[in-house]
Amino acid sequence: MDGAAGPGEGPAHETLQTLSQRLRVQEEEMELVKAALAEALRLLRLHGPSTSLQDSGIPASTRDSSITAPPGLPPTCSPSLVSRGTQTEGKLEMEPSSGPPGLSNGPPALQGGSEEPSGTQSEGCSSSSGAGSPGPPGVLRPVQPLQRSDTPRRNSSSSSSPSERPRQKLSRKAASSANLLLRSGSTESRGSKDPLSSPGGPGSRRSNYNLEGISVKMFLRGRPITMYIPSGIRSLEELPSGPPPETLSLDWVYGYRGRDSRSNLFVLRSGEVVYFIACVVVLYRPGGGPGGPGGGGQRHYRGHTDCVRCLAVHPDGVRVASGQTAGVDKDGKPLQPVVHIWDSETLLKLQEIGLGAFERGVGALAFSAVDQGAFLCVVDDSNEHMLSVWDCNRGVKLAEIKSTNDSVLAVGFSPRDSSCIVTSGKSHVHFWSWSSGAGVPGNGTLARKQGVFGKYKKPKFISCFVFLPDGNILTGDSEGNILTWGRSVSDSKTPGRGGAKETYTIVAQVHAHEGSIFALCLRRDGTVLSGGGRDRRLVQWGPGLVALQEAEIPEHFGAVRAIAEGLGSELLVGTTKNALLRGDLAQGFSPVIQGHTDELWGLCTHPSQNRFLTCGHDRQLCLWDGEGHALAWSMDLKETGLCADFHPSGAVVVVGLNTGRWLVLDTETREIVSDVTDGNEQLSVVRYSPDGLYLAIGSHDNMIYIYSVSSCGTKASRFGRCMGHSSFITHLDWSKDGNFIMSNSGDYEILYWDVAGGCKLLRNRYESRDREWATYTCVLGFHVYGVWPDGSDGTDINSLCRSHNERVVAVADDFCKVHLFQYPCARAKAPSRMYSGHGSHVTSVRFTHDDSYLVSLGGKDASIFQWRVLGAGGSGPTPATPSRTPSLSPASSLDV
């Protein structure tokens, strides 16, 4: 009767099925009521004689909290017994028991009972340290929690690519049912009677045993999470609804994707430098911008739905083609790779090419140099590396052919003849001739001729090439050689094979670099620049490949990945450590854009300046100037940094590492003033109290270490430990008075701690419902439970941050999105403003000290986005006037 209706079954069957489901719900409610009554009677028996409590050794404060009920409840009824709404999912099971379950949030129940009766366990995961005391059989017990090893670990380092990780995650979610359940019920069926006064009165099946305004409950992976409603909120309907009036505008993108991509750096006719990172194509104007000298300004094309992998600039210097990789959307559906052709002046998308034609992504592309750039050639990342030629104006495919099973790294049209195309990659260089087939889609043909190495050693990779004005072609390879290729035509003496045979052979070879050559660039004066990998040298070559001049890139910037010629003698150089350098061969190079090179997790903002600090798996600790859009300083941590926090004075910053070590550094001198180790597991969160007197360290060993702090944060001594979580610590916040902590863990517990009173676990969580918090970064709690999506498995939200003015909440999710909600966000399925641009899971979000900006971190894409906060009384700064006013198309809208 629980199954779906089959063919031929009419309304009668549907009605019967509805009645059956309703009956099942009511039966579960009755079992819950029976359990509550049994528990109340047990507590009465246990607490009857006053001497029994005195003999048990329970402190008076604990005894008082154990028997004191909130207003409106019977003396022996716990708040957790009256969670709002009705049970609509079979998350509880009957278990005969000789004793009651222990406390659901932390250590086992004290002998003689607890303030949160176990019949409606509020957090779904009891402490691993023990069981409870004897109790009546037949009590409803929650499903046993997952073991710690089954809980997904935060800050995990995955070897999959940014596009693969969401795919694996979403496929798992698609196979599971929606298991996020908000227990907020309908007020129409509620009564105002005492829960235990009239069990047989009108409406008792739904209204009785549910008291309005006490708690809400939701489920994550089958685990119930109870959250108590603050006393000042009489009804959830009083809370704000709708998205917040504030909006976000992308102000700056820190980073450049040079580590693992090519064809990623060009200069437009306007003088703007175009490059990409994550899903954003950045148009950067060096110098003279809002950042001052060297700061420049940025504009952004944001039409892509997944990571951009390659670029090409049209011969007119205005239009740009950008190709993206494949990915998945929030529902697990594949996103097909595609090429966008767009106008760099207006940021309008002009053409979408290849939707459904490419498999894994777009690996390389190029515009034709003649015919007004009418054609575009594309190589995809499939096993056969399909080579296709497209009509740019009509967006139709003219020809296609299997290229090779080996990787293809570069493609280009001959600047003298659009019917000639060159591709190069692993152990090959191919010369293609093609005919358009009179412009009829699919009628064109492509024919391949392989380059003949002859007496020269075939290199493992041919990574780049350029066309010379005389018709020859230069290639750079993994052996450090520059080869000159020429075309020759010889008479064919083979009958039936035609009268002439065209071949491409090596004319000359020059050993230019130690290690691979990653880039070649033809300058306006006819000279050629080559960029080396291992030796990091830039060399300028004259006619006959005579070396004219050279320069070396500093080691900490990495190898040369791409070269572009700017205005005058200026050069732009992209490096393998995601830096963009500006300069020339004579004066050297300085960085204008820098970024991280691996997965990011640690983020904190300065308490009084628009500065923020980041750290991650590349072991770099970086302090960024949000006003000047530049890197203030960086240092090598030697270990992976996962979390950080500024002292309220701003004089020092604490950084948590993956080995259990944490460092305190002077923000000006970068001197390490403290180096402490707590446990041997990674640290997930570090947080100073608002008065700067305490430091809390949340570890994956399930403990929170508390230190007392003095001398503006430079000295710290162990104060105590908060022990009671049954899984690793994920988030924590301090109360405004600096005496209490709220913490979340990997098994979705919400616990409260009295730090000033000796790091004690507050067993009566109901009493913490009205406590005010200095920050709100915990992802579980009444004030933010509306941010969780339906069907969540508990790992969808990586980070959360309330603004300092307590008006909005920013959320970083696992689907590459940043959300903005109203605060408090205590409505199911709360609406939000959603912003895209990251190409991987967003790991952290934080507001700057005055809420003028929001900073978000990408995971595997190693990107840092700085968003300007606008609206709601003009709290955000006035945007700087750009060099030209962009007209954003829907594809590049800021608010999706």
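Note: the structure precedes this text.
Report on the accompanying structure. (Residues numbered from 1 in each chain as written. Predicted model: local features only at pLDDT ≥ 70, side-chain atom pairs only at ≥ 80, totals over all residues. Heavy atoms only, no water.)

Concerning the sheet that holds strand β36 (residues 580-584)
What the 4 strands build is an open sheet, ordered β34-β35-β36-β37; its pairing is antiparallel. Across the chains shown, the open sheet's two edge strands, defined by having one partner strand only, are β34 (560-565) and β37 (588-593). Strand-to-strand twist in this sheet, taken as the mean axis angle between neighbours without regard to direction, amounts to 30 degrees. As defined by bridge partners, β36 adjoins β37 across 5 bridges and the pair is classed as antiparallel. By the bridge assignment for β37, Asp-584 is matched with Gly-588. (Pairing = 2+ DSSP bridges. Helix = DSSP H or I, 4+ residues; strand = E, 2+ residues; numbered from the N terminus. Axes fitted to C-alpha atoms, helices over the stretch in contact; angles between N-to-C directions.)

Regarding the nonpolar core
Residues Leu-265, Tyr-275 and Leu-854 are the most contacted members of the largest nonpolar core, which totals 42 residues. With 5 residues, strand β7 (residues 247-254) is the largest single contributor of residues to this core. Those residues within four positions of Leu-265 in sequence are excluded, and the remaining contacts are Tyr-256, Val-273, Val-274, Tyr-275, Ala-562, Ala-564, Leu-572, Val-573, Gly-574 and Leu-580. (Core = buried A, V, L, I, M, F, W, Y, C linked by side-chain atoms within 4.5 Å. Buried < 20%, exposed > 50% of the residue type's maximum accessible area, 1.4 Å probe, protein only. Contact = heavy atoms within 4.5 Å.)

Overview of the sheet that holds strand β21 (residues 396-401)
Here 4 strands make up an open sheet; going across it, the order is β18-β19-β20-β21 and the pairing antiparallel. Each edge of the sheet is formed by a strand with only one pairing partner; in this case those strands are β18 (362-367) and β21. For this sheet, the mean angle separating the axes of adjacent strands, direction not counted, is 20 degrees.

Thoughts on the pattern of salt bridges
Under the criterion given, the structure shown has 26 salt bridges. The salt bridge involving Glu-238 is made with Arg-234; its shortest N-O contact spans 3.0 Å. Of the residues examined, Glu-238 reaches a relative accessible area of 42% and is grouped as partly exposed. A salt bridge links Arg-523 to Glu-565; the nearest nitrogen and oxygen atoms lie 3.2 Å apart. Of this pair, Arg-523 sits in the loop between β30 (517-522) and β31 (528-532) while Glu-565 sits in strand β34; the two residues are 42 residues apart in sequence, bridging distant segments of the chain. For the pair Arg-523 and Glu-565, one class covers both residues: buried. (Salt bridge = Lys/Arg side-chain N within 4 Å of Asp/Glu carboxyl O.)

Shape descriptors only; they carry no functional weight alone.
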